[in-house]
Protein chains: 4
Amino acid sequence: MKRVSFESDYIAGAHPKVLQRLVETNLETLSGYGTDRYCESAKEKIKAACGCPDAEVEFLVGGTQANAVIISTMLRDYEGVVAAKTGHVSSHEAGAIEYTGHEVLEVPQTDGKIEAAVLKKYLEDFYADANHEHMMFPGMVYISYPTEYGTLYTRKELTELSGICHDYQIPLFLDGARLGYGLMSGECDLTLADIAELTDVFYIGGTKVGALCGEAVVFTKKNRPCYFMNSVKKRGALLAKGRLLGIQFDALFSEDLYFDISRHAIEMAEKMKALFKEAKLPFYLESPTNQQFIILEDRQMKELKGQIGFGFWEKYDEGHTVVRFATSWSTTPEDLDVLRQAIQI
Amino acid sequence: MKRVSFESDYIAGAHPKVLQRLVETNLETLSGYGTDRYCESAKEKIKAACGCPDAEVEFLVGGTQANAVIISTMLRDYEGVVAAKTGHVSSHEAGAIEYTGHEVLEVPQTDGKIEAAVLKKYLEDFYADANHEHMMFPGMVYISYPTEYGTLYTRKELTELSGICHDYQIPLFLDGARLGYGLMSGECDLTLADIAELTDVFYIGGTKVGALCGEAVVFTKKNRPCYFMNSVKKRGALLAKGRLLGIQFDALFSEDLYFDISRHAIEMAEKMKALFKEAKLPFYLESPTNQQFIILEDRQMKELKGQIGFGFWEKYDEGHTVVRFATSWSTTPEDLDVLRQAIQI
Amino acid sequence: MKRVSFESDYIAGAHPKVLQRLVETNLETLSGYGTDRYCESAKEKIKAACGCPDAEVEFLVGGTQANAVIISTMLRDYEGVVAAKTGHVSSHEAGAIEYTGHEVLEVPQTDGKIEAAVLKKYLEDFYADANHEHMMFPGMVYISYPTEYGTLYTRKELTELSGICHDYQIPLFLDGARLGYGLMSGECDLTLADIAELTDVFYIGGTKVGALCGEAVVFTKKNRPCYFMNSVKKRGALLAKGRLLGIQFDALFSEDLYFDISRHAIEMAEKMKALFKEAKLPFYLESPTNQQFIILEDRQMKELKGQIGFGFWEKYDEGHTVVRFATSWSTTPEDLDVLRQAIQI
Amino acid sequence: MKRVSFESDYIAGAHPKVLQRLVETNLETLSGYGTDRYCESAKEKIKAACGCPDAEVEFLVGGTQANAVIISTMLRDYEGVVAAKTGHVSSHEAGAIEYTGHEVLEVPQTDGKIEAAVLKKYLEDFYADANHEHMMFPGMVYISYPTEYGTLYTRKELTELSGICHDYQIPLFLDGARLGYGLMSGECDLTLADIAELTDVFYIGGTKVGALCGEAVVFTKKNRPCYFMNSVKKRGALLAKGRLLGIQFDALFSEDLYFDISRHAIEMAEKMKALFKEAKLPFYLESPTNQQFIILEDRQMKELKGQIGFGFWEKYDEGHTVVRFATSWSTTPEDLDVLRQAIQI
């Protein structure tokens with residue numbers, strides 16, 4: 001039986017419609033560095049989708065790059081970024097934020113999320129501390145949506161975080177590397193427009209949602225850093241053939257493709273969840289999005305590995321491991337059939 | 001009459017054969033971060049093309065990124081990189097090298113090249129100076145091939161530079177963003193294998209030679225920095241879908257495509273040169289590669305602009321400007337026909 | 001009654017004997033940048049005191065500067081420094097380590113110390129994790145002696161940490177900003193020579209132990225980073241009149257002054273502890289060195305503040321606060337008399 | 001005959017009156033980190049001396065540190081600092097500016113100075129260049145007064161530079177490591193108040209003008225970077241015993257000591273110049289301040305070295321070398337007597 005992989009949501013190339021647009025436009029003469037008409041068109045479509053005509057949209061190549069560029073260009077010299085201990089910027093970017101000279105100020109998390117009360121206390125404590133001159137100021141709050149554990153902030157939760165950030169006059173930054181999979185989840189009570197309203201900057205992940213590469217950064221409050229393109233270049237992040245990003249996002253935001261892709265992945269994920277329940281494999285936590293975290297006995301893990309690709313997440317205890325199964329635009333019902341049979345272990 | 005552009009060598013998408021390979025492999029399941037079989041295969045092909053089985057090959061997205069990553073991971077803390085005043089790293093990377101905490105130590109240039117005697121004197125003077133503790137050590141030499149002015153080092157010149165670097169035990173780094181256009185020039189007396197032998201690290205430009213993006217870095221002396229992938233990630237330069245780079249370079253290094261593409265551009269450039277000579281438009285300097293630098297009267301420039309795309313290079317004097325015309329894999333004989341008629345000015 | 005301060009151990013100038021040496025040598029002509037004979041002499045005396053003739057000694061101006069210089073010159077690009085969550089580098093240096101592009105990898109602490117088992121597990125887990133490329137490597141372990149809570153590692157504990165670092169081939173770095181106060185504590189079972197043997201680099205704090213400024217960094221294993229002076233200059237940390245540091249340390253390491261100063265502060269601290277016990281003021285934790293942490297009711301704190309200087313440490317609970325009282329070379333029995341009366345609250 | 005040194009202006013300790021103040025205040029209890037009353041008093045005296053009641057004054061330890069802190073906290077991310085090729089920040093700080101992630105944008109110099117026309121052309125050319133996104137913006141102009149060659153800007157020249165900076169809305173930063181020696185020169189037509197008015201930030205050098213260490217940074221236009229103390233700490237530049245700087249500058253700005261010290265050095269320099277003229281030793285250039293640059297035959301240099309300390313500056317030609325002789329507050333008429341006899345070579 002053929003091997004099937006749920007190892008991550010970046011194991012296939014681009015959605016065929018995205019690739020098709022690259023093919024169709026390939027011979028067109030376009031100016032470099034993101035000044036072409038497809039970048040322009042994609043930006044307009046994204047602004048419309050966000051219901052935010054004043055938004056400023058910029059394209060970057062990858063998620064860690066986007067995080068580092070956004071954080072380091074928006075923070076002031078003496079500021080760090082507040083993030084959950086499990087946040088991508090805290091632990092899985094090989095020091096990319098620190099490389100820019102800023103500290104990640106870790107706060108405790110619950111199912112991958114920062115609770116409003118936790119954030120509030122952190123900020124209050126900071127300003128109550130007499131040793132300000134010896135600490136980095138909290139200058140931004142970083143959250144991911146969905147989180148690294150596939151969980152989602154509710155509208156109420158996001159509104160609270162947004163309010164706290166507003167009170168302290170620091171931007172709220174939402175890492176949307178998997179944004180589509182959040183928005184299309186059955187449990188999501190937020191729209192793209194809500195996110196644009198409640199955050200100060202966020203990005204719409206392309207790499208994990210149908211593109212070969214690319215993240216669309218949205219500055220929602222006319223707050224794009226001055227001469228942003230120079231800062232991007234300075235970080236080695238400016239693409240000569242910026243068309244590669246513009247054309248893909250133009251395709252993703254034509255005829256709701258981004259949302260259709262995401263919805264499909266969520267449908268596949270829901271079916272996958274049902275399979276795990278049926279097989280009585282325990283969930284590490286409840287995730288309403290495209291990533292599912294399952295606790296496997298080491299014996300099961302070993303057996304399954306031959307036929308199914310999945311991601312190692314963390315040791316659970318002596319004898320058990322948390323593993324991750326991810327769906328994406330490329331997951332098929334046939335893949336799930338293989339999975340169903342394979343997990344009878 | 002249709003408008004034709006020679007503005008740069010990155011105005012079109014990918015060479016059709018490169019794009020075709022992306023389409024063919026699109027649905028394959030491949031692991032992330034450059035660990036897939038196409039990256040592996042491309043690396044082997046490049047090592048073979050370099051005649052350097054011990055080489056270590058890594059893929060990065062763009063040229064400025066490659067420069068910053070290579071320089072900052074190979075230099076020691078107290079070292080800077082020696083480069084020509086006109087070197088790309090000196091003046092056109094928006095501070096990307098300085099961003100890594102290293103200085104670009106500028107030396108005078110001749111037609112975009114560093115002369116061996118100039119380099120030798122610079123190094124001798126440095127070590128003769130009593131104030132070492134107050135200066136950055138020259139820890140690497142950066143050259144481009146072709147240079148920013150389209151010129152080429154001869155085998156003799158490169159051998160001399162290589163010898164000096166060897167004497168001072170500092171690596172010689174060759175920026176090959178347009179490497180193919182150098183190797184296929186009629187004036188080139190070097191092979192890819194020679195370059196691998198005479199330098200310590202170099203890269204084979206993809207972005208400007210047929211790819212959508214991508215540069216293949218070749219560490220020629222088993223000198224790839226330790227845990228290079230982590231350093232790449234730390235700089236936000238690690239691509240999740242590393243396949244995008246691997247597949248393109250695998251295509252470029254199949255059936256000599258990289259060289260064929262380059263040869264075509266050089267043929268087009270030679271014809272373009274003939275047209276300029278015929279039209280008696282003066283050359284700023286003699287370039288044997290795909291970039292040609294022409295001095296235009298401001299009146300001519302204005303007239304030409306309507307029909308032909310070209311790049312502003314620098315003011316020549318009151319009334320004259322140096323402009324650049326570049327060919328690439330996508331330049332056609334028809335484009336040159338348009339140019340011929342347009343430059344009757 | 002006169003106000004007396006125990007706010008910190010840097011509230012007075014230099015020990016009179018140290019200052020006297022600055023006065024005596026003031027008009028001597030000495031070369032700059034630490035190349036003078038007093039720096040030389042001080043280095044020799046420190047090497048002798050460490051029983052480590054091969055040690056390499058360098059002087060820096062302050063503690064945060066020393067931490068940042070040592071950590072950033074000894075770590076490799078892809079490495080971070082492991083430290084207790086309460087370590088000075090983790091939380092009270094305003095991002096000085098991150099400014100150098102390295103992450104502080106926080107581990108849990110017990111009374112300000114890193115337990116060997118905690119360190120071992122951290123390192124084991126790191127190497128067991130499949131996602132190495134996305135994390136900073138633990139490249140050094142940072143501890144303070146005494147810790148930020150005034151506690152001390154026992155010889156057994158330090159030997160264990162040293163063994164683990166040795167097994168993983170990463171240097172053990174000991175921040176000795178208050179080293180003297182540790183070595184002279186009644187509970188200390190280590191000598192300066194033991195510390196030189198068990199660590200790879202440490203520094204002997206001058207600022208808090210009798211000098212106007214200055215820390216003496218000791219590289220114990222012939223492991224001073226290459227061209228260290230250049231790296232110091234690059235960080236803006238090279239003093240033109242290096243004599244200021246050399247002369248002070250020469251004085252401190254003449255006739256055991258450094259140890260006598262420290263012993264005096266410990267005697268004063270022991271008497272202070274007795275006063276607190278007598279007054280039944282609760283200790284936050286048991287500290288055998290010159291810093292004592294007391295839990296005060298907010299009412300007590302308010303009353304005391306008028307007459308006694310002390311440091312705010314952290315909120316204990318609603319109604320109580322942890323405050324710090326520090327002794328130093330300049331603390332007198334008369335100061336303690338004032339304290340005794342003042343704490344009858 | 002005794003050996004006498006003119007090697008630099010930092011070969012002696014502090015002016016006796018400065019040291020005396022350190023002795024007198026040594027046992028006073030003072031708060032840390034520059035919050036003590038002597039820092040406060042020194043700041044007020046400096047503001048008064050500058051005729052600039054709104055100025056914001058901060059103390060740092062050394063010159064390279066001051067340059068790096070000022071430049072990196074005042075520049076924006078995408079900006080570099082314009083400096084003469086011979087400027088201290090360009091060539092003699094071991095990459096300290098680049099370490100902060102900013103480029104030094106070198107312009108040609110004349111006798112160590114930037115001419116207004118040169119600066120104007122540089123700025124005009126920058127904004128005329130179409131490739132802004134690929135270059136660092138000129139975000140500040142750095143000059144030294146006196147320059148590294150001991151020369152002085154006239155009031156007219158400084159006014160012109162100031163005007164250009166104002167037009168381009170970038171700050172003018174004056175490195176005054178030897179400011180006193182400039183102000184007291186017979187050729188100086190500027191007052192301290194003029195400098196405060198014409199620049200946006202400058203510093204008053206202490207290290208080379210009578211202090212053990214210390215530079216007083218003056219932000220003249222209410223433009224001190226926000227939370228400057230945190231940024232200083234982040235760079236490892238915050239002194240725990242800030243009193244060391246405050247007390248010294250309080251002494252230097254009491255009863256005109258700073259100016260008296262400087263005037264004395266200038267008188268000694270004038271006498272030294274006369275001696276060189278008398279001995280017919282050629283000057284490398286005309287310097288009206290405390291540094292004199294003389295061209296010596298290598299034979300002369302060798303002979304002189306035994307008895308007189310001086311600084312190597314640069315090779316002049318085969319057989320000749322430029323050397324530097326500096327006076328300072330500590331130079332005596334007796335020193336000059338020794339020099340007079342020694343240069344009969």
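See above for the structure.
All figures in this text were calculated on a predicted structure; none of them were measured in a lab.

Conventions used here
Residues numbered from 1 in each chain as written. Chains lettered and ligands numbered in written order. Predicted model: local features only at pLDDT ≥ 70, side-chain atom pairs only at ≥ 80, totals over all residues. Helix = DSSP H or I, 4+ residues; strand = E, 2+ residues; numbered from the N terminus. Rg over C-alpha atoms; globule rule 2.2 N^0.38 Å. Buried ≥ 20, exposed ≤ 12 C-beta atoms within 10 Å, placed from the backbone. Contact = placed C-beta atoms within 7 Å. Core = buried A, V, L, I, M, F, W, Y, C linked by C-beta atoms within 7 Å. Least-squares fit on C-alpha atoms with pLDDT ≥ 70 in both. Axes fitted to C-alpha atoms, helices over the stretch in contact; angles between N-to-C directions. Parallel < 35°, antiparallel > 145°, perpendicular 65-115°, else oblique. Left-handed = near helix turned anticlockwise from the far one by under 90°. Nonpolar A, V, L, I, M, F, W, Y, C, P; charged D, E, K, R; others polar.

Moving on, we get to the overall build of chain A. Each helix and strand in chain A was counted, giving 13 helices and 12 strands. In terms of C-alpha radius of gyration, chain A reaches 20 Å, essentially the compact-globule figure of 20 Å for 345 residues. The buried share of chain A, taken over its 345 residues, is 60%. By sequence separation, contacts in chain A at least 24 residues apart represent 75% of the contacts at least 6 residues apart.

On to the nonpolar core. Counting residues in hydrophobic clusters, the biggest one holds 471 residues, and the most contacted among them are Val218(A), Val218(B), Val218(C) and Val218(D). For Val218(A), the residues in contact, after removing those within four places along its chain, are Ile46(A), Cys50(A), Ala55(A), Val57(A), Ala196(A), Val201(A), Phe202(A), Tyr203(A) and Ile204(A).

What follows deals with the relation of the copies chain A and chain B. With an axial shift of 0.0 Å and an RMSD of 0.0 Å, the rotation relating chain A to chain B amounts to 180°. Overall, the copies show the geometry of a two-fold rotation axis. In this assembly the copies share their binding face: 100% of the residues contributing to the interface of chain A also contribute to that of chain B.

Moving on, we come to the interface of chain A and chain B. The partner chain B presents 42 residues to the 42 residues of chain A that form the contact. Breaking the side of chain A that touches chain B down by element, the ones donating at least two residues are helix H1 (16-25), helix H3 (63-74), helix H9 (228-234) and helix H10 (243-252) of chain A. For the side of chain A that touches chain B, the element with the highest residue contribution is H1(A), accounting for 4 residues.

Turning to the packing of helix H11 (residues 257-278) of chain A against helix H13 (residues 333-342) of chain A, a few remarks are in order. Residues and elements named next belong to chain A. Axis separation between H11 and H13 bottoms out at 10 Å; the angle between their running directions is 15°. With respect to H13, the element H11 is oriented roughly parallel. As for how H11 packs across H13, the hand of that crossing is right-handed. For the pair formed by H11 and H13, the contact residues are Met 268, Lys 271, Met 272 and Leu 275 on the first element and Leu 336, Leu 339 and Arg 340 on the second.

Right, let's talk about the interface of chain D and chain B for a bit. Across the contact, 19 residues belong to chain D and 19 residues belong to chain B. A per-class count over the side of chain D that touches chain B returns 7 nonpolar, 8 polar and 4 charged.

Now for the relation of the copies chain D and chain B. Laying chain D over chain B is done by rotating through 180° and shifting 0.0 Å along the axis; what remains is an RMSD of 0.0 Å. Both copies present the same face, since 100% of the interface residues in chain D are matched by interface residues at the equivalent positions in chain B.

Pro146(A) follows Tyr145(A) through a cis peptide bond whose omega is -10°. For Pro146(A), the position within the fold is in the loop between strand S5 (137-144) and helix H6 (155-168). Look at Asp111(A): it is not a glycine, yet its phi comes out positive at around 50°. Assignment of secondary structure puts Asp111(A) in the loop between strand S4 (104-107) and helix H5 (116-128). Classification of Asp111(A) by C-beta neighbours within 10 Å gives partly exposed; the count is 15. Phi at Glu255(C) is positive, roughly 50°, even though this residue is not glycine.

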